Each structure stands twice: as structure tokens, then as C-alpha cells.
Amino acid sequence: MEPERARAAAVAAHLLANPVLAGLTPLEKEEQALLLLRGRAAELAALLAGPTYLPGLPWDQARGLVLEELRRETDRELGPLLEGLVMRDGGFNFSQALQITPVSAERCREEMSALLGRLLETERTRAALSAPLAAAHRDLPGRYLEQCFEHREYVHFELTKVERLRLGPGESASLVRVALLLRTGVFLHAEPGRAGADPRFASEALARLRGELKSLPVAVLRSAVMSHLPFQGNPLLEASARLTAVFAAAARARRTEALRGALPPETSWWSVTRRNAVFHGFDGSMLEEMRGIASRNGW
Amino acid sequence: MTRRFTVAAGILAAVILLAVAQAVLEDVSALAGWPAGPRQLLRLAGFFLDLFFTIEFLARLGLAFGERRAGRYLVRERGWLDFLTGVPLLVLVSGPAAAGLMLGPTLLHSLALDTLGVLTAVRVARALRLLRPARLAAGLLPTASGMAARHASLLALLGSAVLALGLAVLAVSGPRRPGLESELARRQDLSAEHLRQATIRPARSPAGRSPTGMSAMSAMSAMPEAMVQADPSLLVVREGGATLYSRHPDAVYEREFAPGDYRYVQAGDLELFFDTRAAARETAAQSLLFQALVLLLLLVLYLLYAPHFARTVSDPLEVMRRGLAEESFNLEVRVPETHGGEEVFRLAREYNERLLPLKDRSRQGASESLLSPQDARLDAPGAGEG
């Protein structure tokens, strides 16, 4: 099996190294490779049956080998990335504004790393983590919230006056980034098909996460979990949760080269999503403000 | 587009640019009064360029004949433009000029190429040079960028054709309408007539002498200096092979005068040569002005109009086409405030506000890979990249 494994590893590495995937996170790259394996299975089966690939191996086994190698290669690249993300916001300097009890940053980091490790164990949670991880990695909160605080419009008002967070733009961005990384945690104990779209499920998920992530500020966990709830029907949803939801979705904005006559990718994404805000359960005013920021910056 | 075709198109573009430069330099040389040597070299260069365009046209026509699409080439693929910018110029302008340079100016006379009709055709043919830059724009510039390039090239061709027609009318009407050319010709004819009268008067004497007893030679030598001064274009007066008067030494004629720089007039027994370079300078100035107008027109069309057309018509259409054709394409059309009410942008608004959100809703959860099965081939391009 070793020669086959080596060839499967070569195919996996080759796919992940494709230039069209440049700029994506390892999980996004893996996602693209999985989409290919699922969507074009017949063509890939014919290719992998070729003499220089995995001849004589049934498609299921060949596919399984390639998947294993894809995952191994992805995990190899993911390790340092996740560690870097956890470390970036691992000081939890926003926690003082959220609760009186001081938090142990080191303990929080350990719990976050453990949670992320568990999320990477199943295909379902890996897929769910892909977009929020990309949003945190590309620092969408950092880029946008800085300007939200500068212009002091809807988002700033919602964060500081309604949610009453006494945080600066950097700390707010840090809070949202941590919420993004924790957001997928609700899927650890959820049955397939339940995405946490109702408050009861969210409450249960929050209680479970609080039990597992004892050191983390509750407000962060709450933002992470409540980000799965639609804004429509939940008007009291925290602004940080709404932001977490829209940034997690915004990471799906197609990263394309500028096209003459078209708006930039992020501006287009915010604009289209704003028109479907109710459908997606997002806060339309928030999306409109983000669209304005992206448009002003040519993003 | 194959590499061979790209190279051929590049060579053709370079030759067209050379031809434009040659035409400009030829006019500049006439205007600035360059010596005969460099001007003859420029004419010779013009001959070879015209020969190239003629051969290129014949080759294209031959290929089109072979593929049974000669009509299509001549009409729809602008073969007529290839013809007009090559064959007439070679046959009527640069070919005879080159023959004159190589075989002597008397050849033109013996072939009756200096008759009024031919000279008029030559003047019209020279105006056809103005169409060459339009050909460069039409055939070789960005054909891939579609509608904007096609519209700009059509306007370039129409504008150049109008300017070429204007230059042709100016050139043809030159000897007939008030202007330097007709005035010079009138003065020269007058000078010739005066000289003829001066030499006839002695001939009428029964003894073959004038009343004062002067021969033609002595009549000439007695011609008032004022008459020569009055017509500075008078270069040489000859009678029976003998030069009666010459404004310059022979070396000056050899150095400064090329075929076509002088006008030959026979007045009785006298042969007169007049300097025509002043009229040629006026013609060159007109031609230069029209060439500058053509180039300016092309610059305006390609630097201002084509990008504007692309921004307001073809680019929005291309964005909408991709939005319709590609499942995951979701970029909105940029709608400028100043043109928002135009048809294209009204359509773009519908695309932005209806189609894209509809696509977004219908694609919820669906996704397609950026990769293709070919990307799994280890020998595919990009192996080891990233």
C-alpha cells in the first residue's frame, strides 16, 4: 500500500498546490479538493486508474487514500495557522470590559486550541469551520470594524450603545475574531441538519459550550453561538453576534481579480447579500454599512 | 490567435507604422527644403513600402481565392482597404517615381505619365495614404476586446476616409482654385509668354534680326534683370540645346533638385524650367496637416472614445454575460451616476437588483470547485507551484 499512498499523497499535494487556490486557507483548499472529488468523481476515477496513479485500486479505496492524504496535508498546514490565530487574540484583552472576573489567558488559549482540534476531527465540523476560519485569517473584523469606529454609524452605535461594549476598534475586532473561531463549536454536539437556527437549540449549545470552555468569557461564547440565529425574529440579538454571522458569511465572497465594468468582489458580495438580508437572516443595515466601507476602499 | 498569425500581424503593424513615418517624413522633407538626396531616398522607401502592401494584398487575395471567399475578403474583411492603401499608390505614385529615379525622368514623359489625367490620379492616390493608420487601427489593434474596438475602428476608418477625400479634393483642385499653386503657374505661364514674345520679335524681322539687330541670344542677354527677379521660380532658359540663362550653377541643381521639383514649359523655340518646390511645399503642408488630423483622430478615438465606449457599453454587457453564464459569478455591474438612466445601465440595475440576488438565493449551499479533474494530473502545468 505504501507506493499507492505515496502517489495519493502526490496527487493531494498537487491539488492543494494549484495556483488557482492561492490565497485560500488550508481548509478552503481542502474544501475545493473535496468538491472536486465529489462533483467530478467519474472523471477522477478514470484518471486515478491510470498506470502512473493508483492502477488496480477500486475507486472507493483510491478516493479514500486521496482524502486521507488531503487531510494529512491540510492538517500539516493548519497547525501553525490555528496557533497563530489563537495567539493573536489570545491575550483576551477585551475580557476586562465583558466581565469583572479576570480570565486566565493561557487557560483560554488551551481551551480554544482544544476545541479547534476537536472541530478538525470530523468532515462536517471541518467544513463548518472553513468560512469563519477564513474570515478570521483574512481579518475581516479588523479591516471593517476600524472604519466602523472611525465613521461612528450604525455598527458603532449597536456595539457601544445597544450592546454596551466598552471596547475600542481593535478589541472589538479581537472579540469578533475569537467568536468566529468558536462559532463552529455548536456543531460538536448537534445532530446533522440542525444548524442552530432556533433560540432553544442556541441556548442548549451555549450551555454545552460553557461547560467545555469554562475559562472563556461568557459574552464571547454567547456571540459565537447566537451568531447562528437569524436577525429577523431576534431583534435583541447582540451586535457582536450579528457581526460574527456576517463576517463568517463574507469569507465566502469569491476572491476574483478585478474585472472592468464590475464592482470589486467584496463590494459586490455585501451588496448582493444586503438585498437577500432577510433570506440569510442578516442585519441589512449592518450589511449596508459594510458595503459602503468596501466601496470606499475599493475592496 | 496562433503565434504565427501574431508575428505576421506584428510585422504588418510595424510596416504600417513605418509607412506612416515615411509619409510624414516625405512631407516634412518637402516643407523643410531638404536636399534632393534624402528626399529621393524617402521616395524610394515609399516605393518599397507600397510594394510590400501590394504584395500583401495580392497574397491575401490569393489565399482568399483559394478558400473561395474572395468576395468576403474584399468586402467584409476590408480587402478593399488593403487594395486602396497599396496598389494605386504603387502604380500611380511611388512606382513611376522610383522608375524615374532609376531610369531617368524622360521615361515618365515617354510613358505619358505626366499627362493631366494621370497627374490628377496621382494626386488622389497620394491622399489614400491617409487611410493606412485606420487600417492599423481596424485590423491589428485590439480585435479581442470586441465591440469597443470595432466601433472605434469603424469611426477611425470613416473619419480617415472623410479626411482623405478632403485632401484629394484639395489636391485635385489645387491648379484651379485660388492659391499658391495656381498663382505660381499663372506667373510662370506669363513669364514664358513674355520670353516667347521677346524672342519672336527678332524673328519677325525680314533679315532674321530684330529691329535693333539682336539675335535670340542677345535678346536674352539683354533681358532686363528685373524680369528674372520678378519670377524667382525661373531656373533655366534653353534654346536649341544651348542654355541662354541659368539661375544656379549645375552643382546646385544636382544637389537640390529631384525629379518633380521643376516644371518644364515650351514657349516657341524656348525651353523653360521653373522651380515648383514652393507649390510642393504648400501641398506638403496640407498633406502634413491632414496626416496630423488623422493621427489625432485615431488618438482621440482610441484613447478617449474606445475606453468610454467600453466603460458604458461593452464592459457592463460582458459583466452581465458572465453573470448569466457562470454559476458562481456574482460581481455587480458598476453603474455610474452620470449614465444611470441609459438603457445599458437600466438593464444593469435589473441584473444587480434582481438576477444576482436570485442567483444567490438559488445557489444557497451549492458550490462548485475551482479545480478541474485535469488539475489532479501530476504532469499538468502548475505542478509543484503554489
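Definitions and cut-offs
Residues numbered from 1 in each chain as written. Chains lettered and ligands numbered in written order. Predicted model: local features only at pLDDT ≥ 70, side-chain atom pairs only at ≥ 80, totals over all residues. Helix = DSSP H or I, 4+ residues; strand = E, 2+ residues; numbered from the N terminus. Rg over C-alpha atoms; globule rule 2.2 N^0.38 Å. Buried ≥ 20, exposed ≤ 12 C-beta atoms within 10 Å, placed from the backbone. Contact = placed C-beta atoms within 7 Å. Expected span 1.5 Å × (residues − 1). Pairing = 2+ DSSP bridges. Axes fitted to C-alpha atoms, helices over the stretch in contact; angles between N-to-C directions. Domains from an automatic or database assignment. Nonpolar A, V, L, I, M, F, W, Y, C, P; charged D, E, K, R; others polar.

(A) View of the overall build of chain A. Per the secondary structure count, chain A includes 16 helices and zero strands. Relative to the compact-globule value of 19 Å for 299 residues, chain A shows a C-alpha radius of gyration of 21 Å, a close match. Each principal axis of the C-alpha atoms in chain A carries an extent, and together these give about 65 × 50 × 30 Å. Within chain A, buried positions represent 48% of all 299 residues. Long-range pairs, those at least 24 residues apart, make up 70% of the contacts in chain A between residues at least 6 apart in sequence.

(B) Structural context of helix α2 (residues 36-66) of chain B. Residues and elements named next belong to chain B. Look at α2: 44 Å from first C-alpha to last across 31 residues, which is about the 45 Å you get at 1.5 Å a residue. Of all the positions in α2, only Arg39, Leu42, Arg43, Gly46, Phe47, Leu49, Asp50, Phe53, Thr54 and Phe57 are classed as buried. At the exit of α2 stands Arg68, carrying a positive phi of roughly 55 degrees.

(C) Examining the sheet that holds strand β2 (residues 242-246) of chain B more closely. All names here are of chain B. The strand order across the open sheet built from four strands is β2-β1-β4-β3, with neighbouring strands paired in antiparallel fashion. Among the strands making up the open sheet, the edge pair consists of β2 and β3 (262-267). Strand-to-strand twist of the sheet, defined as the mean angle between neighbouring strand axes without regard to direction, takes the value 20 degrees. Summarising the sheet, strand β1 (residues 234-239) and β2 pair through four bridges and their orientation is antiparallel. Across the sheet, residue Arg238 finds its bridge partner in β2, namely Thr243.

(D) Spotlight on the environment of Thr122 of chain A. Residue and element names in this part refer to chain A. For Thr122, the location among the structural elements is in the loop between α6 (105-119) and α7 (123-137). Assessed through the 12 C-beta atoms surrounding it within 10 Å, Thr122 is described here as exposed. For Thr122 and Glu2, which are 120 residues apart along the polypeptide, the C-alpha to C-alpha distance reads 25 Å.

(E) The arrangement of the domain arrangement of chain B in detail. All names here are of chain B. When the domains of chain B are assigned, the result is domain 1 (3-179) and domain 2 (189-279). Tallying the contact residues gives eight residues for domain 1 and six residues for domain 2. Among the secondary structure elements, those contributing two or more residues to the side of domain 1 that touches domain 2 are α2 and α5 (87-103). Each residue belonging to the side of domain 1 that touches domain 2 can be placed in one class, and the counts come to four nonpolar, three polar and one charged.

(F) Broad picture of the domain arrangement of chain A. Residue and element names in this part refer to chain A. If you check the domain split of chain A, you get domain 1 (1-88) and domain 2 (103-297). Inter-centroid distance (C-alpha atoms) of domain 1 to domain 2 is 28 Å. Facing the 11 residues of domain 1 at the interface are 15 residues of domain 2. For the side of domain 1 that touches domain 2, the secondary structure elements donating two or more residues are α2 (26-39) and α4 (59-88).

(G) View of the interface of chain B and chain A. Contact with chain B, which involves 32 residues of that partner, is made by 35 residues of chain A. Where the side of chain B that touches chain A is concerned, the elements lending two or more residues are α14 (277-325) and α15 (343-362) of chain B. The dominant element in the side of chain B that touches chain A, judged by the number of residues it contributes, is α14 of chain B, at six residues. Taken together, the residues of the side of chain B that touches chain A break down into 13 nonpolar, seven polar and 12 charged.

(H) Up close: the environment of Met147 of chain B. Mapped onto the secondary structure, Met147 of chain B falls in helix α9 (residues 147-173). Excluding anything up to four places from it in sequence, Met147 of chain B contacts Val313 and Ser314 of chain B.

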